[in-house]
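Below are the chains, spelled out letter by letter.
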Amino acid sequence: MDMQAFMRQMIWNNRVGDYFVVASILLLVYILKKRASKNITRVVFFIFRKMAREINEKEFFDLVLAPLENFILFLAVYISMNSLAFPSILHVKIFKVTTELLFDRLSIGLLIFFFFHTLLRVIDYLAIILEKRASTTADTTDDQLIIFFREFLKVILVIICILVMIRF
């Protein structure tokens, strides 16, 4: 069997060539995710640097880089897997919901989770910036307010995340 015939062979409603394309894209994204995440993180850091000069780039990267990498990788997985046809062997209805729809909704839920996890880390970093500013003052009430507002914003963000996940 020649290579073209092998690539046209159908497995689970998709050609072998389609699987190779998806696998190649995912491998490329996996290899480049660190570089893309660092570049995006640098841009966001540059924006935050305008807010405060004394912020630490390493702290920001430690907080934001890993969740952003997860988001980028899962986004690539979601987009590339949507280019494949859902295998007919896996078509099952569970309480009037197809497995295809169930997988799609779970994937969107994970994507939303990774996005909001990244935003939670950004809130943590903003709180670090404000805590450093507040530590320069003699009054301790601003320190307590920053902790309160950090936790308050995180709770609000988690509630929004849950509502967005329910919506989808």
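Keep in mind the model is a prediction, meaning the values are calculated, not measured. (Residues numbered from 1 in each chain as written. Predicted model: local features only at pLDDT ≥ 70, side-chain atom pairs only at ≥ 80, totals over all residues. Heavy atoms only, no water.)

## Some details on the packing of aromatic side chains
And step 1. Applying the stated criterion to the full structure yields nine aromatic pairs.
And step 2. Ring centres of Phe 60 and Tyr 125 lie 4.8 Å apart, and the angle between their planes is 70°; on these two criteria the pair is classed as edge-to-face. One end of the pair, Phe 60, is in helix α3 (residues 57–82); the other, Tyr 125, is in helix α4 (residues 99–135), and 65 residues separate them in sequence. Accessibility classification places Phe 60 together with Tyr 125 in one group, the buried group.
And step 3. Consider the rings of Phe 71 and Phe 115, whose centres lie 5.7 Å apart with planes at 55°: the pair is tilted. With Phe 71 in helix α3 and Phe 115 in helix α4, this pair connects stretches of sequence that are 44 residues apart.
And step 4. On the basis of relative accessibility, which here comes to 39%, the residue Phe 115 falls in the partly exposed class.
And step 5. An aromatic cluster is built from Phe 45, Phe 60 and Tyr 125, whose rings are joined through pairwise contacts. (Phe/Tyr/Trp six-rings, centres within 6.5 Å; stacked < 30°, edge-to-face > 60°. Helix = DSSP H or I, 4+ residues; strand = E, 2+ residues; numbered from the N terminus. Buried < 20%, exposed > 50% of the residue type's maximum accessible area, 1.4 Å probe, protein only.)

## Points about the side chain of Lys 33
And step 1. Inspection of the secondary structure assignment puts Lys 33 in helix α2 (residues 16–49).
And step 2. Using a relative accessible area of 14% as the deciding quantity, one classes Lys 33 as buried.
And step 3. Contacts of Lys 33, omitting those with residues within four sequence positions, involve Glu 69 and Leu 73. (Contact = heavy atoms within 4.5 Å.)

## Focus on the pattern of salt bridges
And step 1. A full pass over the atoms with the stated rule returns eight salt bridges.
And step 2. The residue Asp 18 makes a salt bridge to Arg 15 at a minimum N-O spacing of 3.1 Å.
And step 3. Where salt bridges share partners, they join Lys 33, Lys 34 and Glu 69 into one cluster. (Salt bridge = Lys/Arg side-chain N within 4 Å of Asp/Glu carboxyl O.)

## Some details on the environment of Met 81
And step 1. Tracing the backbone shows Met 81 in helix α3.
And step 2. Residue classification places Met 81 among the partly exposed residues on the basis of a relative accessible area of 44%.
And step 3. For Met 81 and Tyr 19, which are 62 residues apart along the polypeptide, the C-alpha to C-alpha distance reads 9.3 Å.

## Some thoughts on the side chain of Thr 118
And step 1. Examined against the element boundaries, Thr 118 turns out to sit in helix α4.
And step 2. Not counting the four nearest positions on each side in its chain, Thr 118 is found in contact with Val 64, Pro 67, Leu 68 and Phe 71.

Treat this as a map of the structure, not an account of what it does.
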